[in-house]
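Fold and contact review
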Amino acid sequence: REERDELRARLENEATARADMETQRATLQKKLEEMEGKMVIGGSELERYASLEEEVGAKTKKLQQLYRKYRDAKKSFSELTDDFNTRRSGLMQNISQLETELSDKEQTIARIRSILTEDVFRLGLDIPDDSTKGYTLEVKALLKAPSPYQQLHQKNRSSEKKIGSTARPLVA
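Summarised in this report is the structure supplied together with it.

The number of helices and strands found in the protein chain is 4 helices and 2 strands. Each helix (α) and strand (β) of the protein chain, taken in turn from the N terminus, gives the series α-β-β-α-α-α. Looking at the 172 residues of the protein chain, the share that counts as buried comes to 4%. Long-range pairs, those at least 24 residues apart, make up 43% of the contacts in the protein chain between residues at least 6 apart in sequence. Split by element, the accessible area of the protein chain, about 15,800 Å² in all, is 56% carbon and sulfur.

And the structure:
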């Protein structure tokens, strides 16, 4: 009887140990499956396939999806590039037009300034310093600089003085 009780106790201990080991194995198996599910290799989940054909089919499908995404991105990039080039071309045309308009206006201002300067000189007026407020030094110098008409008139005066003539030029 003693042996039987010992044997029974040993069997019960082994059964309990076996049950504990089975529980541990199940827990470890579950953890392993969770880890495999989370494992990432090269940006895609680690997968196990039943056959080589199944793996080829799945990877072909993924490749087709990626190629579709690539084509869509390439098309979008092309459209954005075309839109950018169209806008840039329009802006370049606007810049060219504005430069032409600016040049025309600068020429008009130069002609008006020349005419006004000649009129001021013919009338014998000086350009007062306060009339050039807000202008840069270069513009002030241009306003006070003798025009071609004034230069010609000054040459005529100096040649008249040398000759000794008392004739005066007509003032309009």
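Don't stop here, the text continues.
This part covers the packing of aromatic side chains. Scanning the model with the defined rule gives 1 aromatic pair in all. For the pair Y67 and Y70, a centre-to-centre distance of 6.1 Å together with 35° between the ring planes defines the contact as tilted. Of this pair, Y67 and Y70 both sit in helix 2 (residues 52-122), separated by 3 residues, roughly a single helical turn. Given a relative accessible area of 47%, Y67 falls into the partly exposed group.

Here the focus is a negative patch on the surface. Together, E2, E3, D5 and E6 make up a region of like negative charge exposed at the surface. Structurally, E3 can be placed in helix 1 (residues 2-38).

For the structure shown, the criterion picks out 3 salt bridges. A salt bridge links R25 to E22, with the nearest nitrogen and oxygen atoms 2.7 Å apart. A residue pair is termed a helical-turn pair when its members lie 3 or 4 positions apart in one helix, as R25 and E22 do in helix 1 at 3 residues. Using a relative accessible area of 48% as the deciding quantity, one classes R25 as partly exposed. Linking K59 and E55 is a salt bridge whose minimum nitrogen-to-oxygen distance equals 2.9 Å. Linking K59 with E55, this pair stays in helix 2, spanning 4 residues, or about one helical turn. With relative accessibility at 46%, the residue K59 sits in the partly exposed group.

Parameters and conventions
Residues numbered from 1 in each chain as written. Predicted model: local features only at pLDDT ≥ 70, side-chain atom pairs only at ≥ 80, totals over all residues. Heavy atoms only, no water. Helix = DSSP H or I, 4+ residues; strand = E, 2+ residues; numbered from the N terminus. Buried < 20%, exposed > 50% of the residue type's maximum accessible area, 1.4 Å probe, protein only. Contact = heavy atoms within 4.5 Å. Areas by Shrake-Rupley, 256 points an atom, 1.4 Å probe, with all protein chains shown as cover. Phe/Tyr/Trp six-rings, centres within 6.5 Å; stacked < 30°, edge-to-face > 60°. Patch = residues over 30% accessible without salt bridge, like charges linked within 9 Å, V, L, I, M, F, W, Y side chains within 5 Å. Salt bridge = Lys/Arg side-chain N within 4 Å of Asp/Glu carboxyl O. Lys, Arg positive; Asp, Glu negative; His and termini not counted. Charge placed at Lys NZ, Arg CZ, Asp CG, Glu CD.

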